[in-house]
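Chain by chain, the residues run as shown.
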Amino acid sequence: MTKSQVNFLIKTGLFIATVGFLIIIAFHVDPHASMDAAYYHVMVDQLEQGKGFAEPVIWHNLNKYDDLEHPIDYWMPLGIVLYYLARLSMGIAGEVWLNIFIWAFLAVIIYSKVLTLTKSRFCALVAFLAHIFCGRNIFYVLTTDNMAFSAILGYFYFNSLGNKDSKWYLTAIIGGLIALLRIEGVIFAAMGGIFEFYKTRRLRVLFLYSCLVLAILSPWIIRNIQVLNTPWPSNTKAIFLRNYGDFFNEEFKGTLEDYLALGYKEIISQKLKGLRISLLNLVLLPAHFLFFPVWFPGLIAFWRRGNKGFTLFFVVFFWLLCGLAFTHQSEKGTALHISAFFYPAYAILTGMGLSALLESSSARRKKLYYFIGVSMVLWGMCVSYLSTRGIALQYSEDNAPYIQLFKEFPPASTDLIVSPYPLYVYYLAGCKGVVASKHTAKGPGAMADKYACNLIVTSTKNLHVETPDPQSWQTIASHSLLVLYQRR
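Calculation criteria
Residues numbered from 1 in each chain as written. Predicted model: local features only at pLDDT ≥ 70, side-chain atom pairs only at ≥ 80, totals over all residues. Heavy atoms only, no water. Axes fitted to C-alpha atoms, helices over the stretch in contact; angles between N-to-C directions. Helix = DSSP H or I, 4+ residues; strand = E, 2+ residues; numbered from the N terminus. Parallel < 35°, antiparallel > 145°, perpendicular 65-115°, else oblique. Left-handed = near helix turned anticlockwise from the far one by under 90°. Contact = heavy atoms within 4.5 Å. Patch = residues over 30% accessible without salt bridge, like charges linked within 9 Å, V, L, I, M, F, W, Y side chains within 5 Å. Areas by Shrake-Rupley, 256 points an atom, 1.4 Å probe, with all protein chains shown as cover. Salt bridge = Lys/Arg side-chain N within 4 Å of Asp/Glu carboxyl O. Pairing = 2+ DSSP bridges. 1 Å grid on protein atoms, 1.4 Å probe; cavity = no way out; pocket = protein on both sides within 12 Å on 5 of 7 lines; lining within 4 Å. Points joined across faces, edges and corners; volume = space filled by probe spheres on them. Nonpolar A, V, L, I, M, F, W, Y, C, P; charged D, E, K, R; others polar. Buried < 20%, exposed > 50% of the residue type's maximum accessible area, 1.4 Å probe, protein only. Core = buried A, V, L, I, M, F, W, Y, C linked by side-chain atoms within 4.5 Å.

## Focus: the packing of helix 12 (residues 264-284) against helix 14 (residues 310-324)
One can describe the packing of helix 12 onto helix 14 by two numbers: an axis separation of 7 Å at closest approach and a directional angle of 140°. Judged by the inter-axis angle, helix 12 sits oblique to helix 14. Seen from above, helix 12 lies across helix 14 with right-handed handedness. Between helix 12, through Lys271, Gly274, Leu275, Ser278, Leu279, Leu282 and Val283, and helix 14, the contact on the second element is made entirely by Val315, Phe318, Trp319, Leu320, Cys322, Gly323 and Leu324.

Take a look at the structure:
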């Protein structure tokens, strides 16, 4: 058997083992537990039913809506399309299967990359396992969130940028796809063009790069013009959030003047907290609080091979962006989602850094570094288990009251519901709705009147100071933390 055949068998075995491992874990994960996961699943339903990119609920109040069902103007379409294609080919279960296949494919690529660069199967295996046992990210990979899509696009994006010779066309294609996956993907696409121009010093490359990115974005731009009368919906109000609750406040102004009214002390305090939380989500948690010292020799090894530190630049850039511009969103998930773009790079840096330490050490120290490599993998396994278990329990605790309430009192599909969690309510009950919680200005009754809703769900965890007027609303059910009201 030739060396290439042996390598092929090893990679095939690693892929199968990864798929098998993730399938076992998937049995313990609700694939639609989080808001993002429920959103993608609901929107694939919309596509499947021929309703296009139309949201059946109002889940935020940054923009004003006349109807509960309205065109997408905040979310990006690529993840929805990919899950729709997965469902067409493999059924509803195919949505999670797609993530599993992507994660296993990435794991094998990472193994191969580190093996090629270091000639060390041990270091390649450590990188492979560092990718698989990725802490809390395992949970989200096994839901219909976009983590797996971000990770594979992030890998190929940084791989393209890291080439000594410019492959601007690949960077443009991947950058365009990232822009269609997440709203901050536009920054990846734009920065990719800047760096490719930096590498080539040719305006022609920058021009062609821009044209290719625009060509990839053009279907979505055309759709926006036809449906929303604008090529790219603006959500600049999100930059001026005074707190995360403003996202759901229908009277939020979203102006610079309103934001500055907080006062410079509060603003500085929020930004410092944002930087701390963003560092936690972008670096410390992906490193399991221990791996990042090994990344530094990995970065040096990459630099010596001609990679100019593009990945490090993007990590620092998005840390500052998340902390200073997306301060409140980052605390609630934006930094977590952006971190997925860097997970493959982190795994590769782990393997590369360990290899660099082994190559520059004595025989006695080599034993120490082998021990450190094994210890990091074992630590990653423990962190992944505890994180996945903890997150699963938390979502189960949060979602169980909704599941039980609508199991005991299922509403009609024609009912319209005001609730603190309209996306999940729609996922469970199939009813259109609008968000109303302690953050809305006028309370659930006013939102119900505005959108002609006949049901209201309130939660003691997110209760507005104004409860529904008993002369207009009657309690018909309650369960755990929730109360269900019906219009009289």
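## Some thoughts on a nonpolar patch on the surface
A contiguous nonpolar patch, built from Met1, Val6, Phe8 and Leu9 and spanning about 450 Å² of accessible area, is present on the exposed surface. As for its placement among the helices and strands, Phe8 is situated in helix 1 (residues 3-26).

## A look at the pairing of strand 7 (residues 473-479)
It is a general feature of regular strands that their side chains alternate between the two faces of the sheet. As defined by bridge partners, strand 7 adjoins strand 8 (residues 482-487) across six bridges and the pair is classed as antiparallel. Each residue of the ladder has a partner; that of Thr475, found in strand 8, is Tyr485. Between the antiparallel neighbours strand 7 and strand 8 lie two residues, among them Ser480 with a positive phi of about 55°.

## Considering empty space enclosed by the protein
In total, this model carries four cavities of 30 Å³ or more according to the counting rule given. Taken as a whole, the largest cavity spans an internal volume of roughly 80 Å³. Along its surface, the largest cavity is lined by Ala130, His131, Cys134, Pro286, His288, Phe291, Trp295, Tyr343, Tyr346, Ala347 and Thr350. When residues in the lining of the largest cavity are grouped by element, the largest group, four residues, is from helix 17 (residues 343-359). A breakdown of the residues in the lining of the largest cavity according to their chemical character gives eight nonpolar, three polar and no charged.

## Re unusual backbone geometry
If you check the backbone angles, Asn229 has positive phi at about 60° while not being a glycine. As for its placement among the helices and strands, Asn229 is situated in the loop between helix 10 (203-228) and helix 11 (256-260). Judged by relative accessible area, Asn229 falls into the exposed class, the value being 68%. Phi is positive for His288, which is not a glycine, with a value near 55°. When its relative accessible area of 2% is taken as the criterion, His288 is described as buried.

## Re the sheet that holds strand 6 (residues 455-459)
Strand pairing in a sheet is mediated by backbone hydrogen bonds. Such pairs are either parallel or antiparallel. Across the sheet, which stays open at both edges, the six strands sit in the order 2-5-4-6-8-7 with mixed pairing between neighbours. Taken across any chain shown, the strands that pair with only one partner, and hence form the sheet edges, are strand 2 (57-58) and strand 7. Docked against the sheet, helix 20 (residues 443-450) engages strand 4 (417-419), strand 5 (433-435), strand 6, strand 7 and strand 8, running at close to 155° with respect to strand 6.

## Examining the nonpolar core
Judged by nonpolar contacts, the single largest core of 121 residues is most densely connected at Tyr157, Phe314 and Phe342. Top contributing element to this core by residue count: helix 4 (residues 94-118), with 15 residues. With 15 residues, the next largest nonpolar core counts Tyr402, Leu405, Tyr421 and Leu484 among its residues.

Any functional reading would require information that these geometric values do not contain.
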